[in-house]
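A closer look at the structure
Now for the letters of each chain:
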Amino acid sequence: MVSGAIVLAFLPLVLTFIIRYRYYFVLFYRAVLVRIWYDCKTGLSREERAFQYVLTHATPGDPESILETFDLWCSTVEFISNIGPKKGKIMDRILSEHCPLNVLELGSHCGYSTVRIARALPLGARLYSVEMDARNAAIAEKVIRLAGFDDDMVELIVSPSDEVIPKLRSEYGLERLDLVFMDHWKKCYRNDLQALEGSGLLGKGSVVLADNVLFPGAPNFLKHVRKSGLYEWKIHRATLEYSKGIRDGMAELVYQGIK
Amino acid sequence: ERGRGKRERKRGRKRGRGKRERKRGRKRGRGKRERKRGRKRGRGKRERKRGKCCRLPSPSPCCFSSEQESPDEQEENELEKLKEAVDDRKKLISTLRGKPLPMTRKLQTLRESQEFVEKYEGAIGKGKGRKLYAYKVMMLKKWMKFQRDFENFKTACIPWEMKIKEIESHFGSSVASYFLFLRWMYGINMILFGLTFGLVMVPEALMGMPYGSMPRKTVPRAEEANAMDFAVLWDFGGYAQYSVLFYGYYNSQRTIGWLKFRMPLSYFLVGVGTVAYSYMVVIRTMARNANEDGGGDNNCFNFSWKMFTSWDYLIGNPETADNKFASITTSFKEAILEEQESRKDDNIHLTRFLRVLANFLVLCCLAGSGYLIYFVVRRSQKFALEGLESHTWWERNEVNMVMSLLGMFCPMLFDVISTLENYHPRIALQWQLGRIFALFLGNLYTFIIALMDEINLKREEEEMVKLNMTIWEAGLYNETVGVNSTTPPIAIHPADIPRGPCWETMVGQEFVRLIVSDTMTTYIMLLIGDFLRAVLVRFLNYCWCWDLEAGFPSYSEFDVSGNVLGLIFNQGMIWMGAFYAPCLPALNVLRLHVSMYLQCWAVMCCNVPQERVFKASGSNNFYMAMLLVILFLSTLPAIYTIVSIPPSFDCGPFSGKSRMFDVIQETLESDFPAWFGKVFSYASNPGLVLPFLLLMVLAIYYLQSTSKSYKQANLELKKKLQTVSHDNHVSAIILCAIPALT
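Residues numbered from 1 in each chain as written. Chains lettered and ligands numbered in written order. Predicted model: local features only at pLDDT ≥ 70, side-chain atom pairs only at ≥ 80, totals over all residues. Heavy atoms only, no water.

1. Remarks on the overall build of chain A
Note the threshold: Put simply, DSSP marks the helices as runs of H or I at least four residues long and the strands as runs of E at least two long, and each gets a number from the N terminus on. For the radius of gyration, the atom set is restricted to C-alpha positions; the globular benchmark scales as 2.2 Å times the number of residues to the power 0.38. Partly exposed describes any residue whose relative accessible area lies between the buried limit of under 20% and the exposed limit of over 50%, with all areas from a 1.4 Å probe on protein chains only and scaled to the type maximum. Residue contacts are counted whenever heavy atoms from the two residues lie within 4.5 Å of one another. In short, Shrake-Rupley with a 1.4 Å probe defines the accessible areas, and a residue's cover is counted only from the protein chains shown. The sign given to each residue is positive for Lys and Arg and negative for Asp and Glu; His and the chain ends receive no count. Charged groups are reduced to one reference atom each: NZ for lysine, CZ for arginine, CG for aspartic acid, CD for glutamic acid.
Helix and strand counts for chain A stand at twelve helices and seven strands. In terms of overall size, chain A behaves like a compact globule, its C-alpha atoms giving a radius of gyration of 20 Å where 259 residues would be expected to give roughly 18 Å. Along the first, second and third principal axes, the C-alpha atoms of chain A reach 70 × 50 × 30 Å. The burial tally for chain A puts 53% of its 259 residues in the buried class. Residue pairs at least 24 apart in sequence account for 72% of intrachain contacts in chain A once pairs closer than 6 positions are excluded. Carbon and sulfur atoms make up 59% of the accessible area of chain A, which totals about 12,200 Å². Of note, chain A has its 32 positive side-chain charges centred 10 Å away from the centre of its 31 negative side-chain charges.

2. Regarding the sheet that holds strand 4 (residues 177-182) of chain A
Residue and element names in this part refer to chain A. Let me state the cut-off plainly: When DSSP finds two or more bridges between two strands, those strands count as paired. As a rule, the C-alpha atoms of each element are fitted with a line to give its axis, helices using only the stretch in contact, and angles between N-to-C directions run from 0 to 180 degrees.
Read from one edge to the other, the open sheet built from seven strands follows the order 3-2-1-4-5-7-6, with strand pairing classed as mixed. The open sheet has two edge strands with one neighbour each: strand 3 (154-158) and strand 6 (231-239). Each strand of the sheet is rotated relative to its neighbour by a mean of 15°, with strand direction disregarded. Relative to strand 7 (residues 247-255), strand 6 runs antiparallel, the two sharing nine bridges. Of the residues in strand 7, the one forming a bridge with Arg 237 is Gly 249. Helix 8 (residues 134-147) rests against strand 2 (126-131) and strand 3 of the sheet, and its axis sits at about 170° to strand 3. Each of strand 4, strand 5 (202-210), strand 6 and strand 7 is contacted by helix 12 (residues 219-228), which is oriented at about 145° to strand 6, the strand it contacts most.

3. Examining a nonpolar patch on the surface
Residue and element names in this part refer to chain B. Stated formally: Like charges within 9 Å and nonpolar side chains (Val, Leu, Ile, Met, Phe, Trp, Tyr) within 5 Å are joined into patches, using only residues over 30% in relative accessible area that form no salt bridge. When a carboxyl oxygen of Asp or Glu lies within 4 Å of a side-chain nitrogen of Lys or Arg, that pair is called a salt bridge.
A cluster of nonpolar side chains, Phe 230, Trp 234, Met 520, Ile 524, Leu 527, Ile 528, Leu 532, Leu 536, Leu 540, Trp 544 and Trp 601, forms an exposed patch at the surface whose accessible area comes to about 1,100 Å². Where the nonpolar patch is concerned, the elements lending two or more residues are helix 10 (230-234) and helix 19 (503-540). If you tally residues by element for the nonpolar patch, the top one is helix 19, at seven residues. Inspection of the secondary structure assignment puts Ile 528 in helix 19.

4. Points about the pairing of strand 5 of chain A
Residue and element names in this part refer to chain A. The condition that has to hold: Handedness of a crossover: with both strands directed away from the viewer, a clockwise path from the first strand across the helix to the second marks it as right-handed.
Judged by how many residues are buried, strand 5 sits mostly within the fold: seven of nine residues are covered. In the sheet, strand 4 pairs with strand 5 via five bridges, with the strands oriented parallel. Paired with Leu 179 across the strands is Val 207, a residue of strand 5. Tracing the backbone out of strand 4, into helix 10 (residues 189-199) and back to the parallel element strand 5 gives a crossover that is right-handed. Both strand 5 and strand 7 contribute to a ladder of four bridges, which runs antiparallel.

5. A few points about the interface of chain A and chain B
The test is simple: As a working definition, buried area equals the accessible area (1.4 Å probe) given up by two parts on being put together, with both sides summed. We define a polar contact as two N or O atoms separated by no more than 3.5 Å, with the added condition that, inside protein, one atom must be a possible hydrogen donor and the other a possible acceptor, whereas residues neighbouring each other in sequence contribute only through side-chain atom pairs.
Tallying the contact residues gives 22 residues for chain A and 23 residues for chain B. Both faces combined, the contact of chain A with chain B buries some 2,100 Å², and carbon together with sulfur accounts for 75% of it. Inspection of the region where chain A meets chain B yields zero salt bridges. For the pair chain A and chain B, the interface holds one residue pair in polar contact (both at pLDDT 80 or more). The element that contributes the greatest number of residues to the side of chain A that touches chain B is helix 2 (residues 11-20) of chain A, accounting for seven residues.

6. As for the packing of aromatic side chains
Given two aromatic rings, one states the distance between the centres and the angle between the planes to describe the pair. Keep this limit in mind: Note on ring pairs: Phe, Tyr and Trp rings are taken, using the six-membered ring of Trp, and paired if centres are within 6.5 Å. Classes follow the plane angle, with under 30 degrees stacked, over 60 edge-to-face and the rest tilted. Think of it as a cone above the ring: NZ of Lys or CZ of Arg counts as a charge over the ring if it is within 6 Å of the ring centre and within 35 degrees of the ring normal.
For the structure shown, the criterion picks out 42 aromatic pairs over all chains. Ring geometry for Phe17(A) against Tyr21(A): centres 5.5 Å apart, planes inclined by 70°, an arrangement best described as edge-to-face. The exposure class assigned to Phe17(A) is partly exposed, which follows from its relative accessible area of 41%. With relative accessibility at 17%, the residue Tyr21(A) sits in the buried group. Through a chain of ring-to-ring contacts, the aromatic side chains of Tyr247(B), Tyr249(B), Tyr250(B), Tyr267(B), Phe268(B), Trp503(B), Phe579(B), Tyr580(B) and Phe654(B) assemble into a single cluster. The ring of Phe116(B) is capped by Arg89(B), whose NZ or CZ atom sits 4.8 Å from the centre of that ring. Lys217(B) extends its terminal NZ or CZ atom over the ring of Tyr249(B), reaching a point 4.4 Å from the ring centre.

7. Topic: the state of the cysteines
Residues and elements named next belong to chain B. Which entries qualify depends on this criterion: Two cysteine sulfur atoms form a disulfide, by the criterion used here, when they sit within 2.5 Å.
Going through the model one piece at a time under the given rule, you end up with one disulfide over all chains. Disulfide partner of Cys 502: Cys 651, at an S-S distance of 1.8 Å. Across the disulfide from Cys 502 to Cys 651, rotation about the S-S bond amounts to roughly 90°, and the bridge is consequently right-handed. Residue Cys 502 is found in the loop between helix 18 (425-480) and helix 19, and its partner Cys 651 is found in the loop between helix 22 (620-644) and helix 23 (662-671); the two are separated by 149 residues along the sequence. Looking at Cys 502, the relative accessible area reads 14%, which means it is buried. Here Cys 651 falls in the buried class, since its relative accessible area comes to 4%. With no disulfide of its own, Cys 606 lies 3.8 Å from the sulfur of Cys 605, the closest cysteine sulfur.

8. Brief notes about the packing of helix 9 (residues 173-207) of chain B against helix 20 (residues 560-577) of chain B
Angle between the axes and distance between the axes: these two values describe a pair of packed helices. Residue and element names in this part refer to chain B. Stated formally: Our angle categories are set so that under 35 degrees counts as roughly parallel, over 145 as roughly antiparallel, 65 to 115 as roughly perpendicular, and the remainder as oblique. For this classification, the nonpolar set comprises Ala, Val, Leu, Ile, Met, Phe, Trp, Tyr, Cys and Pro, the charged set comprises Asp, Glu, Lys and Arg, and every other residue, Gly included, is treated as polar.
Their axes nearest at 9 Å, the elements helix 9 and helix 20 cross at an angle of 10°. Between helix 9 and helix 20, the angle falls in the class roughly parallel. Across the interface between the two elements, Ser 174, Val 175, Tyr 178, Phe 181, Leu 182, Met 185, Asn 189 and Leu 192 from helix 9 touch Val 560, Asn 563, Val 564, Leu 567, Ile 568, Gln 571, Ile 574 and Trp 575 from helix 20. Tallied by class, the residues present in the contact of helix 9 with helix 20 amount to twelve nonpolar, four polar and no charged.

9. Quick look at helix 4 (residues 46-57) of chain A
Residues and elements named next belong to chain A. Heads up, the condition is: Working rule for helices: expected span equals 1.5 Å times residues minus one.
For helix 4, built from twelve residues, the straight-helix expectation of 16 Å at 1.5 Å per residue is met to within 8% by its first-to-last C-alpha distance of 17 Å. Here helix 4 has its buried residues at Arg 46, Glu 47, Arg 49, Ala 50, Phe 51, Tyr 53 and Val 54. Tucked into the core, helix 4 has its buried residues touching helix 3 (22-42), helix 5 (63-76) and helix 8.

10. Quick word on unusual backbone geometry
A cis amide bond, omega -5°, links Phe215(A) with the succeeding residue Pro216(A). Within the element layout of this structure, Pro216(A) appears in helix 11 (residues 213-217). The phi angle at His109(A) is positive, at roughly 55°, despite the residue not being glycine. Here Asn422(B), not a glycine, exhibits a phi torsion of approximately 65°, which is positive.

Here is the structure:
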């Protein structure tokens, strides 16, 4: 019915599409297809596979080596959305600027970012890491202990973030949070931020770091931040972890307090 | 006269100043307060509070202390001083705009000066001439007011001015430049429309033979059944084909109507006139733009230029301002990087290889698209031979669809390939424009070559039809009239008479169909690619896993260069086809009108400002140059067909002539006196034309070399200015340093 020539005329459009969004196709391949393949083949979950690899290839007690092994695995074998080396550097810089004593991390997944933060903390600081999924939390616990951080420095809380935040003051005795790192489900960013504001744990100068605000993106969160006027906000533009062409950003919010 | 007594002195002191007078208004002598008040920039407390800013103190009529002058002389002096004061005020009013004062102060000065001038101007004219002077002044003021109102009216009459200003404030000057270009094109097309409509279509419609009176003006019997169908009309067949819209309808009668309007001559001259007018307008605009260019020196003071001249003061929208801010920052970063990189060139071989590869890919794409069009045109010729009714709509309109689709999709592919090359955005834009230009040109010329094949086919058919017609006529006569009698010929309905093929109408129809399909494709792509996309992004974003606005589809940006090129090429097609289809300028005016509104709406509703905002003002002359090239290239085929192919024998205003330009010869012979024809034949003698051409070439060479020498002189002066300012700077530094050293 429709002649072949007209269909052929659509070829440039298809080619353009494929070339312009090639990184997204590659990401899809690595994050979804390869994962399904390995899930079927080995029967372990992705995080367990990552832990196996780290266990066999990294030096225990050395956070640096653990992070490097993780990076290697994520860039060559499979894809896990840790914070990655580039954005990790930005986070290290922010940490060294602010030297927070009380840090809350929402969503530790495999424990990569926990290790990264804990590595840069000063003596006497304490990191509270919240992870919703029990299996991931188990892996994260193992990774953190492998890196050599004890219970004094890092405490892993296994529970959804919206349940934990109201209890932080009462059960864990926190008065003020110097830094909050958000890397869990993007749709929870805004609710958790509002919960933190309501709980009074953010003081003037508290820093909130939110990862992946551009891809996959947290538009409600950004809208809330812009409108509320409580924060001085900045978006650090970088690329998505372990990927070259997909643009992503990390939002750094400094709480100003109600005027 | 001699001495003045006390009383006289008291009485006659016209100009003497008493205490009260001094207090009232001293012009010359200055007391303490006067000095405080009348200092040029200094102001008293009350004045500062009041905000007065006029520097000229108000002269009072009595401001002279000399008692010895006669009353007349005193009056004269006084008038002169008053006149001076009024002139000063007038000068102040005229130069007020350039003074570095805040706006409120300027407005106040203006008001006070105007009041002063009004109050004392009438008093200046002396004696009898006073009334005339006042009258002159009043008339001058009324004239100036009228001029100002007329200017305002003219500005208000410019169409779409507010729309374009709004777009400019949202999107920056490069997007607005597209709309300015569109408006300019609209103006040109209006003039072309006026010419073709008024001098070709209307005379034939009003004064020519009506529809149905001649074979060429009537729908053939075979096609009559579906001549009114929408599908046929949309393809410009049926009744649309046999109307003033196309070449074939026109009669070759030398004069028509009671005005003795020379239709064929008018047709020919309008065709030539549209081309000539277009050339004139394009070259005049190019010359004007070349003057405005100013020859900015791009090599020196790069960062100073960027720092002080990057901002676009016409922006009125916060998002655009943010984007502009970000883009200026990026351009600074780039400039710094470029400075650093120009010292070291690493991996230039890889860059060169990638660029060669990119060009190779682009050439492949161009070749592929050219071959596809050629293939499709051949197929359509095959279809035409088999008879068009046996094919579906898709197959019949294959050529147009393929050309429009390729024209829409290949530029996107070029854009993506150009990321391999790693050029600066401005250079990348020029390469992109060049490639799109090559694409459109290739497509157009492939189309024309295919059209030439069809023309040749039709001309062969013509020979056969001529033969058949004589046989048919002879047959007709022998049937009805058996004898060689002088009875009048039988009335046969014009719809039944066999007629010759009309290649000119066919050419006109092809162009009209191409333009219609191009327009439709553009609008549909606009609606789908911009509007539908924006709707999806906006409303699906609530329930989608990633941020659609920041990530994959996001809102589209307005593609200035692609749209400008599309506009230029459409105009080229109009120029090509206007001779064979007088309806084309009218169609184009309609198209541009609708485009303006549709694109303005689409831009404001569906597009976001570009992230990399760089000024396209330098490209203004580039677009004009391309327009000129297209004008030249598109008039070539039309001129070739006019000069070398004989017109159809059965249709159009030139039927029966051996060449179309014979109409000029005919007019010279019959309408002008004999001596004119002789003069013309002398003037067109090659012996006269060749030296004239030589003279013109030499004049061009001379003008070119003088302009080059002026440019040189300009550059020298600029360099001198730089060294002088540098010397001043250095000496200033030295002068400042000396006290520090001692």
